[in-house]
Amino acid sequence: MTMKFSLPTLLALPSFAFAQPYFQQQVDYTIDVRLDDVGHMLHAQERFTYTNNSTTTLDTLWIHLWPNAYRDRTTALCEQLDRMGDLDLHFATEAERGWIDSLDFQSNDVKLAWGYHPEHPDIGWIKLPTPLVPGTSVTITTPFRVKIPDGKFSRLGHTEQAYYITQWYPKPAVFDAQGWHAMPYLTLGEFYSEFGSFDVSITLPANYVVGATGELQNAEERAWMDSLAMDRSAQRGSLPMAKANDFPPSDAATKTLRYRQDRVHDFAWFADKRFLVRRSSVFLPRSERTVNTWVLFTPRNRLVWEEAVNYVNEAVKHYSEWVGDYPYSACTAVDGTISAGGGMEYPMITVIGNTDDAMALDEVITHEVGHNWFYGILGSNERDHAWMDEGMNSFVELRYMRKRYPGQPAVLAQGIPQFFLGQDVVGHRDMSEQAFRLNARRNLDQPPNLTSDDFTPTNYGLDVYMKTALVMDHLFAYLGDETFDRCMHAYYDEWKFKHPQPGDMRTIFERESGKDLSWVFDEFIGGDRKVDVRASRLKGNRLSYKSSANGLLPMPITAWNGTDSIGTTWLTTGEIIRGHSSDRNSGYSRPVRSHHRMELELPWPNADRVRIDAGNRTMDIDRRNNTVRSNGLFKRCTTPKFVPFFGLEQQDRHSIYYSVVPAWNGHDGFQAGLVLRNTTFPPQRTEWVFAPLYAFGSERLVGGARIDHHFDRIRSNVFQNIHVGLSGRTAGTLHDHDVTAWYEKLSPSVLFDLKRDPLSKPWQHRIGLRGVYLRNSVEYQPEGTYAYISRSDEYYGELFYRAEDSRKLHPSVVQPTITSTYDWVRASLELKQAFAYNARSKQLRLRGFVGSFLWERGGGRISSLQAWGLTWGPEDMLYDQAYFERGAAEGFTGRQFNKQQGAFKTPFAQGGSDSWIASANMELDLPFSLPIALFASAGIVPRTTITVDGSTEGTATYFEAGVGIAAIRDVLEIWFPFYVSERIVEEEDFAERTVTDRIRFVFALEKMDPTKLLRNLKP
Ligand SMILES: [Zn+2]
């Protein structure tokens, strides 16, 4: 996020740069609001008192006006949603958008100067009537009106007459030791607010059921809510499903509900006329207080929500025990269709998205209720340190799920067939770990302690939530329940109702545990290093191991003698306990640089097998190298397991996946064979696929293989990743009764992915270098004679650079390529630019291509496959593309093509060139649900005209236009050119081809390789 204007440069400095002691501002609100449920508007009057507890005199207040985030396309919210590929807000209608207006800030009936932030319409400033000196306060009033946006965009909204009223009122930004924290509203990125009191009166039609922050003050309404909660046969609940979820008409009479609450930093409310109500309570033994718990849910979700109030109870109970007692009198969970994830938290109230599964509902409710602690009470800066709320909360949630559902598969793992996951139960921790590894194994993870807008949407989940939870679980396993709980309780007691910074939490955890926790806060929360610990040798009681940790890292070691477990002990890798590091002669404890072999003395003299992290509780990125034996032939290896089809990576051994596949092509006929591979979830550092097939038609062994090594733990400012690979393939190119032809291809490659910093930047850059060796063989065997084999070999080198912006709104590609062989060098440039014109990503796609030979050895050395072409059949020079029948000229298989070079859809023989070529292509999706598109192409090639007067150099131009179906863009398409330019018409007449001969299809099977799927997923 760019905050060039509103934030002082001081913000960039860490907080310890300031000598001033901790302080905290206070804001106390009184708001009267009326809901207009016809126009979906809020009409309100607000008064807030701002108390300056800092040592700085303030002359301006920065104020959040977040309903304006939904105003237009210029807001940070819309820009972020565009970047995430969610185009709903971008293409929203005026009726769907939202805003805040009618503001008139006054103090003591004097109008105040105020205005909008120059970049962000959802941030404002107010000039104070007189500078606010330390220790004083100012009271400001304003009316305001909010147009409630459609609920599909983010958190504030309505779905018809279901209202989610959040981030809805003018609200001063936080001023802390770092300065002002004015921030535009974002979907991916949360909040930071001052604590204070709220006194909110809500006026709305009398038949609305309302859930809100704070204590309800109206006795009559409390009685009504109680009666709803008691009524198990609530009429609305017994209506047929379809009817029950309709909105009843709003009462003409209105009611005014008043809610009051101290020591909270936000106020949200939810109103729905259909809500069913359940009520319970939970007793907190430590503080001897009772918390009233509520759930409000729609009739449609009645089945799964009927018992949900118990989940609220359990969550309040467990978080109170593990973190600190819930300080408020009530806790509510509300059923709502929301677009910001599975649920969303506000003080004392949470809103939960749709789910059909009881355990999933328990998990989401627990997570959102848990935010009362990590967000509500411990009011950290969520925008800059999202791990402090989402990550810490996810850890307690993990602990809760482990306790409540021992031995059960994770919610994410439910519904996935068992054979897909492997034979073990994939528990909550395992699932988070494997998910975290999706990007971590590709070096595409990010340090959890980044500001929210720097994360990719996937990494916001995988690193902020999951990695932090895993790191905390590592710490939890190391410290044990008692010490860990002591740390957490101390953190809660010292920072409740305050704004803790990462360093504040670390200080307490290090103080209470007595441990150096650099590995937690620097290495894993502050960094993205992938740590691999491996056991290398066990001799007597001496264990050698390697660790790529940067500093000290505690790891548990478990030993066995035969099948008897001897015990588990924690060692701190990097620390030289009583051994030596192989390249240093020091003997004292201190961090040792990565990948040094270290040795330590085990407390057991008789261990014959040792495993590091046998319980799977640490941040080790790969546990398959963690076991070592003292004797036997393969001391470190376990035999790989053969697994049919697919399975998640196993923690203790490598797996080889096998499947039997049928295949067909026009030359080799029907084929059958075995695909062996090690590719699985999560991605592997070295990936290989071996697919030998027997072709029954050509009676040959065909198929392919590849191996790629990904240098995906590199730490570089230049490269994100380096991939080195070798692939090979053979297939037939002709087969009839006395001639068989085939090709063999071998291709080494190295790809460099340039560093994106931050990874959320839209452009990615790749440089690729590869060689292609092609051998074409023809075996000619007339009946009753010997076979003659002729061969031709070709070698190519290719260097390319690809810059790609894959944002849905306007994706772009720029790709220059240089290709050479012995006889020539040629260069090309391909440009692609598309523009989405609606929320369903219907596009206008433009493409330009120019290519030219730069050098030729001279005269006739360029074959037809090597020459440029405006249009291509089922062929390509480097045999990169898969075709049903390579080289087929007619029939169904002859209609397959690939959009390369000139990328014309019409087949024709002209348009080839051994010097240069240029083309432009356009495709325009029609705005229907069927994927129909119009297209047009133009191309130009040089042309030599020979007449009696000699030859003249000129050019020839070609055009085409038509319609097609792009079922899967660039992968599965069919095209019908209905207009072609004159030269093509002439050729068609001469060759006696008809209009229907122009119909061709794209089926780019090579782009759908399932073994590359995970590798190519967006980070
Ligand atoms: Zn959360």
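Relevant structure appears above.
Right, let's walk through the structure included here. Being a predicted model, the structure only gives us computed values, none of them experimental.

Rules behind the numbers
- Residue numbers run consecutively from 1 along every chain, following the written order of its sequence.
- In keeping with the predicted nature of the model, local features appear solely for residues at pLDDT of at least 70, side-chain atom pairs appear and are counted solely at 80 or more, and the whole-chain, interface and lining totals rest on all residues.
- Only hydrogens and water are removed before side-chain values are computed, so all heavy atoms of the structure are retained for them.
- Elements are defined by DSSP. Helices are runs of H or I of four residues or more, strands are runs of E of two residues or more, and each kind is numbered from the N terminus.
- Only C-alpha atoms enter the radius of gyration; for comparison, a globular chain is expected to reach 2.2 Å times N to the power 0.38, where N is the number of residues.
- The cut-offs for exposure are 20% and 50% of the maximum accessible area for each residue type, with area from a 1.4 Å probe on protein chains only; residues under the lower value are buried, those over the upper are exposed, and the others partly exposed.
- Here, residues are in contact when the closest pair of their heavy atoms is within 4.5 Å.
- Identification of polar contacts relies on pairs of N or O atoms within 3.5 Å, with a donor-acceptor requirement for protein atoms, meaning one able to donate a hydrogen and the other able to accept it, and with residues adjacent in sequence counted only if both atoms are side-chain atoms.
- For Na, K and Ca the donor cut-off is 3.2 Å, and for all other metals it is 2.8 Å, counting N, O and S atoms only; because water is absent from this set, sites may look incomplete.
- For a helix, the expected span equals 1.5 Å multiplied by the number of residues minus one.
- What we call a nonpolar core is a set of buried Ala, Val, Leu, Ile, Met, Phe, Trp, Tyr and Cys residues that are connected through their side-chain atoms within 4.5 Å.
- Basic side-chain nitrogens of Lys or Arg form a salt bridge, by our definition, when they fall within 4 Å of a carboxyl oxygen of Asp or Glu.
- Two strands form a pair only when DSSP identifies at least two bridges running between them.
- To get an axis, a line is fitted to the C-alpha atoms, and for a helix only the part in contact is used. The angle between two axes follows their N-to-C directions and goes from 0 to 180 degrees.
- Within the patch definition used here, like charges are joined within 9 Å and nonpolar side chains (Val, Leu, Ile, Met, Phe, Trp, Tyr) within 5 Å, considering only residues with over 30% relative accessible area and no salt bridge.
- The method behind every accessible area is Shrake-Rupley, applied with a 1.4 Å probe, and residues are considered shielded solely by the protein chains displayed.

### Remarks on the overall build of the chain
For step 1, the next point in the chain: Looking only at helices and strands, one finds 16 helices and 50 strands in the chain.
For step 2, the next point in the chain: The C-alpha atoms of the chain give 33 Å as radius of gyration, which agrees with the globular expectation for 1019 residues (31 Å, within 12%).
For step 3, the next point in the chain: Overall, the C-alpha framework of the chain stretches about 105 × 80 × 60 Å when taken along its three principal axes.
For step 4, the next point in the chain: Counting across all 1019 residues of the chain, residues that qualify as buried make up 55%.
For step 5, the next point in the chain: Intrachain contacts of the chain at a sequence separation of at least 6 include 66% that bridge at least 24 residues.

### Examining the side chain of Arg847
For step 1, the next point in the chain: Among the secondary structure elements, Arg847 is positioned in strand S43 (residues 843–856).
For step 2, the next point in the chain: A polar contact is formed between the side chain of Arg847 and the side chain of Glu830, at a distance of 2.8 Å.
For step 3, the next point in the chain: Beyond its immediate chain neighbours, meaning those up to four positions away, Arg847 contacts Glu830, Leu831, Lys832, Lys899, Gln900, Gln901, Gly902, Ala903, Ser919, Ala920 and Asn921.

### Quick word on the coordination of the zinc ion
For step 1, the next point in the chain: Taken together, His367 (NE2), His371 (NE2), Glu390 (OE) and Glu390 (OE) make up the protein donors of the zinc ion, found 1.9 to 2.8 Å from the metal.
For step 2, the next point in the chain: Spacing between the donor residues of the zinc ion along their common chain follows H-x3-H-x18-E. In this pair, His371 is assigned in the loop between helix H7 (358–370) and helix H8 (372–377) and Glu390 in helix H9 (residues 386–404), connecting sequence segments 19 residues apart. Just as His371 is buried, Glu390 falls in that class too.

### Details of helix H6 (residues 308–322)
For step 1, the next point in the chain: Taking 1.5 Å per residue as the helical rise, H6 with its 15 residues ought to reach 21 Å, and the 21 Å between its terminal C-alpha atoms agrees with that figure.
For step 2, the next point in the chain: Here H6 lies mainly inside the structure; twelve of its 15 residues are buried.
For step 3, the next point in the chain: When we look at burial in H6, the residues that qualify are Ala308, Val309, Tyr311, Val312, Asn313, Glu314, Ala315, Val316, His318, Tyr319, Ser320 and Trp322.

### Examining the nonpolar core
For step 1, the next point in the chain: If you look at the biggest cluster of nonpolar residues, it comprises 173 residues, and the most contacted ones within it are Trp168 and Trp269.
For step 2, the next point in the chain: At 15 residues, the largest contribution of residues to this core is made by helix H12 (residues 457–495).
For step 3, the next point in the chain: Among all residues touching Trp269, those that are not within four sequence positions of it are Val33, Leu35, Leu42, Tyr163, Tyr164, Ile165, Trp168, Ile202, Leu204, Gly211 and Ala212.
For step 4, the next point in the chain: Among the nonpolar cores identified, the runner-up in size contains 25 residues, and Trp824, Ile862, Trp868 and Phe908 belong to it.

### Some details on the pattern of salt bridges
For step 1, the next point in the chain: Taken as a whole and assessed by the stated rule, the structure comprises 65 salt bridges.
For step 2, the next point in the chain: For Arg623, the salt bridge goes to Glu433, with nearest N and O atoms at 2.7 Å. A residue pair is termed long-range when its members are at least 10 positions apart, and Arg623 in the loop between strand S30 (609–612) and strand S31 (627–629) and Glu433 in helix H11 (residues 428–440) qualify at 190 residues. Assigned by exposure class, Arg623 and Glu433 land together as buried.
For step 3, the next point in the chain: Here Lys745 and Asp880 are joined by a salt bridge, their closest N and O atoms 2.7 Å apart. Of this pair, Lys745 sits in strand S38 (residues 739–754) while Asp880 is found in the loop between strand S44 (868–869) and strand S45 (912–913), placing the two residues 135 residues apart along the sequence.
For step 4, the next point in the chain: For Lys745, a relative accessible area of 9% gives the class buried.

### As for the sheet that holds strand S21 (residues 289–297)
By definition, the strands of a sheet pair up through backbone hydrogen bonds, in either a parallel or an antiparallel sense.
For step 1, the next point in the chain: Strand order across the open sheet formed by five strands is S20-S21-S22-S24-S23, with mixed pairing between neighbours. What marks the edges here is a single partner per strand, and that holds for strand S20 (276–284) and strand S23 (343–346). Mean inter-strand twist for the sheet, computed between neighbouring axes without regard to direction, equals 15 degrees.
For step 2, the next point in the chain: Relative to S21, S20 is paired through nine bridges, and the arrangement is antiparallel. Paired with Leu284 across the bridge in S21 is Arg289.

### Some thoughts on the environment of Cys78
For step 1, the next point in the chain: Mapped onto the elements, Cys78 comes out in helix H1 (residues 76–84).
For step 2, the next point in the chain: For Cys78, a relative accessible area of 0% corresponds to the buried category.
For step 3, the next point in the chain: Distance in space between the C-alpha atoms of Cys78 and Leu89 is 6.2 Å, their sequence separation being eleven residues.
For step 4, the next point in the chain: Apart from residues lying up to four places away in sequence, Cys78 is in contact with Asp72, Arg73, Leu89 and His90.

### Quick look at the pairing of strand S25 (residues 533–539)
For step 1, the next point in the chain: Direction of pairing for S25 relative to strand S26 (residues 542–547): antiparallel, over a ladder of six bridges. By the bridge assignment for S26, Ala535 is matched with Tyr545.
For step 2, the next point in the chain: In sequence, S25 turns back onto S26 through a hairpin of two residues, with Gly540 there showing a positive phi of about 60 degrees.

### Describing a nonpolar patch on the surface
For step 1, the next point in the chain: Together, Trp664, Phe670, Tyr694, Phe696 and Leu701 make up an exposed nonpolar region whose accessible area comes to about 570 Å².
For step 2, the next point in the chain: By secondary structure assignment, the location of Tyr694 is in strand S35 (residues 686–695).
For step 3, the next point in the chain: Here Tyr694 falls in the partly exposed class, since its relative accessible area comes to 35%.

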